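Residues per chain are reported as follows:
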Amino acid sequence: RRATSLIRDAELRGLMDHAPHYNSAFRYLESPDLTPILKWLIEESAKPLKAVELDFAVDSTGFATCIYDRWFDHKWGKVRSERKWIKAHFITGVKTNIITSVEATPTETADAPQLPALVNATAQTFTVAEVSGDKAYSSKRNLRAIQAVGATPYVTFKERTTGFPRQASKRDALWQSMWHYFMLNRDVFLTHYHKRSNAETT
């Protein structure tokens, strides 16, 4: 409505000789220049809940596009196709499911490298007490990124992970501390970790 009103006002004042085509909005949405504005709008819309949310969860999801990849499958001797999709990485509050930061990437992008930026963007507005994530986010870098904003990381460990790497150079105090907490107080750890289920709802 606001956009329509502005267009009408501009027409009345003689600033526009005709109304924009209805596809103009779609063309703007395809422009990379609009990405920072859309991200800013998401972060701004979360700010009213900064007194409510303390615990957060990270995850990713996919959005299908109308573009298809096609290839010839030599094994079965026929052409196959698959719809392309965009991956959205996000961090959400576990009480209200408000998204506090988001990053859109190509399909094949890994989840783990996106966590520090999402956590840092959230910490600019919110007091972050906990961040939970699944095994895809399990890395020393991510644990340190969460600790750096004053939060406790509840990220589950991959199978065969140990708290004591053989090489001393690969040992990390925070990693060892959380690994021991996970191993010795698993029920308590998982109580915090399962707040991550709210990301699925989001």
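If you're wondering where the values come from, they're calculated on a predicted model, not measured in any experiment. (Residues numbered from 1 in each chain as written. Predicted model: local features only at pLDDT ≥ 70, side-chain atom pairs only at ≥ 80, totals over all residues. Heavy atoms only, no water.)

Undergrad: Give me the overall build of the chain: which residues, what numbers.
TA: A tally of regular secondary structure across the chain gives eight helices and five strands. What you see in the chain, going N to C, is helices and strands ordered as α-α-α-β-β-β-α-β-α-β-α-α-α. The buried share of the chain, reckoned over its 202 residues, is 34%. Long-range pairs, those at least 24 residues apart, make up 55% of the contacts in the chain between residues at least 6 apart in sequence. Counting every atom, the chain has about 13,300 Å² of accessible surface; 55% of that belongs to carbon and sulfur. (Helix = DSSP H or I, 4+ residues; strand = E, 2+ residues; numbered from the N terminus. Buried < 20%, exposed > 50% of the residue type's maximum accessible area, 1.4 Å probe, protein only. Contact = heavy atoms within 4.5 Å. Areas by Shrake-Rupley, 256 points an atom, 1.4 Å probe, with all protein chains shown as cover.)

Undergrad: So what about the pairing of strand E2 (residues 78-93)? Which residues, and what values?
TA: One face of the sheet, then the other: side chains in a regular strand alternate in exactly this way. Bridging between strand E1 (residues 55-73) and E2 involves 15 bridges; their strand directions are antiparallel. Note that in E2 the partner of Asp69 across the bridge is Glu82. In this antiparallel pair of consecutive strands, E1 and E2, the connection spans four residues, and Gly77 shows a positive phi of 70°. Pairing geometry for E2 and strand E3 (residues 99-105), over six bridges, is antiparallel. If you follow Phe90 over to E3, its bridge partner there is Val102. Between E2 and E3, which pair antiparallel one after the other, the connecting turn spans five residues, and Asn97 there sits at a positive phi close to 65°. (Pairing = 2+ DSSP bridges.)

Undergrad: Account for the packing of helix H6 (residues 173-184) against helix H7 (residues 186-193), with residues named and values stated.
TA: With their axes 5 Å apart at the nearest point, H6 and H7 run at an angle of 110° to one another. Looking at the two axes, H6 sits roughly perpendicular to H7. Residues Met178, Tyr181, Phe182, Met183 and Leu184 of H6 lie in contact with H7, whose contacting residues are Arg186, Val188, Phe189 and Leu190. Looking at side-chain class alone, the contact of H6 with H7 contains eight nonpolar, no polar and one charged residues. (Axes fitted to C-alpha atoms, helices over the stretch in contact; angles between N-to-C directions. Parallel < 35°, antiparallel > 145°, perpendicular 65-115°, else oblique. Nonpolar A, V, L, I, M, F, W, Y, C, P; charged D, E, K, R; others polar.)

Undergrad: How would you summarise the nonpolar core if you had to cite specific residues and measurements?
TA: Core analysis: the biggest nonpolar cluster contains 26 residues, and Leu115, Val131 and Ile146 have the highest contact counts within it. When contributions to this core are tallied by element, the ones reaching two or more residues are E1, helix H4 (115-123), helix H5 (140-148), strand E5 (152-155), H6 and H7. Looking at this core element by element, the count peaks at five residues for H6. Residues contacting Leu115, with those up to four places away along its chain left out, are Val58, Tyr137, Asn142, Ala145 and Ile146. Grouped together as the second largest cluster of nonpolar side chains are six residues, Ala57, Ala88, Val94 and Val102 included. (Core = buried A, V, L, I, M, F, W, Y, C linked by side-chain atoms within 4.5 Å.)

This is a description of form; function is not addressed.
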